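What follows is the residue order along each chain.
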Amino acid sequence: MVTVAAVVVTFNRLEKLKNVIASIEAQTHPVSTLFVIDNASTDGTGEYLSTLQTTVPLEVVTMTENLGGAGGFAEGMRRGYASGADHVWIMDDDCYPKPDALAALVRGFAEAVAELGGDVPFACSVVEFTDGNICEMNNPVPTWDWARLLVKGQQNVMVTACSFVSVLIPRWAIAEYGLPYAEYFIWFDDREYTLRVTKRCPGVQVLDSVVVHDMGDNKGVNFAMVNRQNYWKFAYGVRNESSWQLHHRGVLYYLEFGARLFVSLHRGRVPFDLRAKLIGKWLRGITFNPAVAHVEARV
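Worth saying up front: this structure is predicted, and the values here are computed from it rather than measured.

Basis of the calculations
- Residues numbered from 1 in each chain as written.
- Predicted model: local features only at pLDDT ≥ 70, side-chain atom pairs only at ≥ 80, totals over all residues.
- Heavy atoms only, no water.
- Core = buried A, V, L, I, M, F, W, Y, C linked by side-chain atoms within 4.5 Å.
- Buried < 20%, exposed > 50% of the residue type's maximum accessible area, 1.4 Å probe, protein only.
- Helix = DSSP H or I, 4+ residues; strand = E, 2+ residues; numbered from the N terminus.
- Contact = heavy atoms within 4.5 Å.
- Expected span 1.5 Å × (residues − 1).

Novice: For this particular structure, what's the right way to read the nonpolar core?
Specialist: Across soluble globular proteins, nonpolar side chains show a tendency to be buried alongside one another. In terms of nonpolar packing, the biggest core is built from 39 residues, with Ile-24, Val-31, Leu-34, Trp-89 and Leu-168 touching the most fellow members. For this core, the secondary-structure elements that each account for two or more residues are strand S1 (4–10), helix H1 (14–25), strand S2 (33–38), strand S4 (87–92), strand S5 (95–97), helix H4 (101–116), strand S6 (123–129) and strand S10 (203–213). A total of seven residues in this core trace back to one element, the largest contributor, which is H4. Discounting chain neighbours no more than four positions away, the residues touching Leu-34 are Ala-6, Val-8, Ile-21, Ile-24, Val-56, Pro-57, Leu-58 and Glu-59. Grouped together as the second largest cluster of nonpolar side chains are 29 residues, Val-61, Met-63, Ile-90 and Val-197 included.

Novice: Help me understand helix H7 (residues 231–249) in this model?
Specialist: Each turn of an α-helix holds 3.6 residues, which means side chains three or four residues apart point in the same direction. Over its 19 residues, H7 extends 26 Å from the first C-alpha to the last, a length consistent with the 27 Å expected when each residue adds 1.5 Å. Taken from the residues just after H7, Gly-250 is the one with a positive phi, measuring 130 degrees.

Novice: Would you explain the environment of Met-91 in this entry?
Specialist: Mapped onto the elements, Met-91 comes out in strand S4. Here Met-91 falls in the buried class, since its relative accessible area comes to 0%. Here the alpha-carbon distance between Met-91 and Ile-24, two residues 67 residues apart in the chain, equals 11 Å.

This is the structure we're talking about:
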């Protein structure tokens, strides 16, 4: 049987985390080890996990500080790879996989490899909101020929990028492409990583692998939505994407991103002080350029 290490990154969402763990325990394809990366939660998560008994092997990793989703996924993928599993399956602490979600991912990935070759770098699930509608934030980016596998009778479509909400990554891809940028902290770490690993071959979304994302409001995001409450997330997003555009695509893409940011902030009538701060984050991308961390350095 193909072995899969599951990775869940959590921070102060204990009740949702309990549902995630129960969902993983209920998988028809059992995980070899469940890694829970606790980003220094302060809501009792640590106490709960310290006495938790699960039906699957459990390893709790308690971080000394909150390293964000990006830092948590980097650490979890490092641990999952080191466990020797064939694949690492990553998700947030508000993602509830349906019982056959992992089995479908494993099968879908194998079918895609049989058709496209061994370079397929990931398989992700369909992400539903709690009401059964599609989750607006978690739709992968399809390739121009996205239906190539579909017409062959598979339940897979080809994609170039997805969010870290139920993604199965083979160990060879982690060994070759390294880990997500922990320095990103939050936002754009998933987009950057999946674009990084699809340079040679697209990933696939497995249409009969379904998870529920219990994320509150079912809304997509754009820069016109910035306000004083959510500014901190957008600040990371702008810095991270501007860095990626400049250092991985080039100056013209960096400038185009800046223009798009400026127009969106204007159309959203975002307060001027927040606009100025975000333009500053865009400029920060010039000097912010983290290096890829590879698993072999510590494993």
